[in-house]
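Letter by letter, the chains look like this.
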Amino acid sequence: MTGTPHVVSDVMTHTVLALRHGAAFKDIVKAMQQWQVSAAPVLDDDGRVGGVVSEADLLRKEQVRADAPGRPPESDRTKARAVTAEELMTVPAITVHPGATLPEAARTMARHGVKRLPVVDADGLLRGVVSRADLLKVFLRDDEDIAEEIRREIVPHLFPDSAEPVRVRVRDGVVTLTGRVPDTALVPVASGWVRGVDGVVAVDCALAGPPRRPDLDPDLPDPQPVPPA
């Protein structure tokens, strides 16, 4: 993986299970077991995503049967009577666009409490599915690949006139920055930019300001590393 930021289309699964409106209950169960997925988008005749059928939707039949002595909510009873994907599906479908960043997709999943999102284009056509596991793929990025991006895309822009090179080391996704820079006000900015690089787990910023000049600054202590913001 290279480049920042990565987007949903970089990690999504392109070959996915999709259901038609008329798909029968038992066929849906069989298909989801064969594909080993917990939910599947439902497409209309034009290939647009109209809703999603999840295991929770399918299990309403068992839940209502178990609650037979009482009176379940009407929505549960309606789902329990459903026999096709169109009747079972949850609408509207929570979707994401191929160009959405990975943090955007993660926030959408967290906000709606779902584990996967259909990926749709501007016309609402299904292009793939992105799951929580897909979003974690970015953390498989090679350490040296991360370090090279930071050296190329961040260090020259923030610290072009450093008295000594800013050293970048990455181990298991943890970035360590060392060296002296002319303007310590930019150190928190550097930490923030590095933290936003795909695959970065944490940042240990040990950048310091320029060395003290005894002849000009006799009463100033040696500058100390500035902690990240």
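Residues numbered from 1 in each chain as written. Predicted model: local features only at pLDDT ≥ 70, side-chain atom pairs only at ≥ 80, totals over all residues. Heavy atoms only, no water.

Bringing the overall build of the protein into the picture now. Counting its secondary structure elements, the protein contains 11 helices and 8 strands. Sorting the 229 residues of the protein into buried and exposed places 40% on the buried side. Look at the contacts in the protein between residues 6 or more apart in sequence, and 56% of them connect residues 24 or more apart. (Helix = DSSP H or I, 4+ residues; strand = E, 2+ residues; numbered from the N terminus. Buried < 20%, exposed > 50% of the residue type's maximum accessible area, 1.4 Å probe, protein only. Contact = heavy atoms within 4.5 Å.)

Note that isoleucine 150 resides in helix α9 (residues 143-153). Separated by 27 residues in sequence, isoleucine 150 and leucine 177 place their C-alpha atoms 9.9 Å apart. Those residues within four positions of isoleucine 150 in sequence are excluded, and the remaining contacts are Val155, Pro156, Val168, Val175, Leu177, Val194 and Val197.

Next up on the list: the pattern of salt bridges. All chains considered together, the criterion is met by 9 salt bridges. We note a salt bridge from arginine 127 to aspartate 121, for which the minimum N-O separation is 2.8 Å. A salt bridge links glutamate 153 to arginine 152, with the nearest nitrogen and oxygen atoms 2.9 Å apart. (Salt bridge = Lys/Arg side-chain N within 4 Å of Asp/Glu carboxyl O.)

This part covers the sheet that holds strand β2 (residues 39-43). Working definition: the strands of a sheet are paired by backbone hydrogen bonds and lie parallel or antiparallel to each other. Overall, mixed pairing links the 3 strands, which are arranged β1-β2-β3 in an open sheet. Both outer strands of the open sheet, β1 (19-20) and β3 (49-54), are each paired with one neighbouring strand and no more. Pairing geometry for β1 and β2, over 2 bridges, is parallel. If you follow leucine 19 over to β2, its bridge partner there is valine 42. (Pairing = 2+ DSSP bridges.)

Strand order in this open sheet of 3 strands is β6-β7-β8, and the pairing throughout is mixed. Pairing within the sheet leaves two strands with one partner each, and these edge strands are β6 (167-171) and β8 (202-208). Strand after strand, the sheet turns through a mean of 10° between neighbouring axes, direction not considered. Summarising the sheet, strand β7 (residues 174-180) and β8 pair through 7 bridges and their orientation is parallel. Each bridged residue has a counterpart across the sheet, and for glycine 179 the counterpart in β8 is leucine 207. Strands β6 and β7 of the sheet are contacted by α9, whose axis makes an angle of about 155° with β6. (Axes fitted to C-alpha atoms, helices over the stretch in contact; angles between N-to-C directions.)

Moving on, we get to the side chain of serine 131. Its location among the elements puts serine 131 in strand β5 (residues 126-131). Residues within four places of serine 131 in sequence aside, it is in contact with Met109, Lys115 and Arg116.

Examined against the element boundaries, leucine 88 turns out to sit in helix α6 (residues 85-88). Judged by its relative accessible area of 0%, leucine 88 is buried. For the pair formed by leucine 88 and valine 42, sequence separation is 46 residues and the distance between their alpha carbons is 9.8 Å.

Before going further, it helps to examine unusual backbone geometry. For the peptide bond that leads from valine 91 to proline 92, omega is -10°, which places it in the cis range. Examined against the element boundaries, proline 92 turns out to sit in the loop between α6 and α7 (102-112). Within the chain, glutamine 36 stands out as a residue other than glycine whose phi angle is a positive 55°. Within the secondary structure, glutamine 36 is located in the loop between α2 (25-35) and β2.

A contiguous nonpolar surface patch, about 360 Å² in accessible area, is contributed by Leu136, Phe139, Val174 and Val201. Within the secondary structure, phenylalanine 139 is located in the loop between α8 (132-135) and α9. You can call phenylalanine 139 partly exposed: its relative accessible area is 43%. (Patch = residues over 30% accessible without salt bridge, like charges linked within 9 Å, V, L, I, M, F, W, Y side chains within 5 Å. Areas by Shrake-Rupley, 256 points an atom, 1.4 Å probe, with all protein chains shown as cover.)

We now examine the nonpolar core. Counting 21 residues, the largest nonpolar core has Ile150, Val168, Val175, Leu177 and Leu207 as its most contacted members. If you list the elements that add at least two residues to this core, you get α9, α10 (155-158), β6, β7, α11 (187-195) and β8. Sequence-distant contacts of valine 175, that is, excluding residues within four places in its chain, are made with Ile146, Ile150, Val168, Arg169, Val170, Val194, Val200, Ala202, Val203 and Asp204. Membership of the second largest hydrophobic core comes to 16 residues, among which are Ile28, Ala40, Ala85 and Leu88. (Core = buried A, V, L, I, M, F, W, Y, C linked by side-chain atoms within 4.5 Å.)

Looking now at α7. Every buried residue belonging to α7 is among Leu102, Ala105, Thr108 and Met109, and all of these are buried. The buried residues of α7 all sit within an arc of 125° when viewed along its axis, so they share a single face. In α7, those exposed residues whose orientation departs by more than 90 degrees from the buried face are Ala110 and Arg111. In this fold, the buried residues of α7 make contact with α1 (8-11), β4 (116-120), β5 and α8. Immediately downstream of α7, the backbone of glycine 113 shows phi near 65°, a positive value. (Arc of directions from axis to C-beta.)

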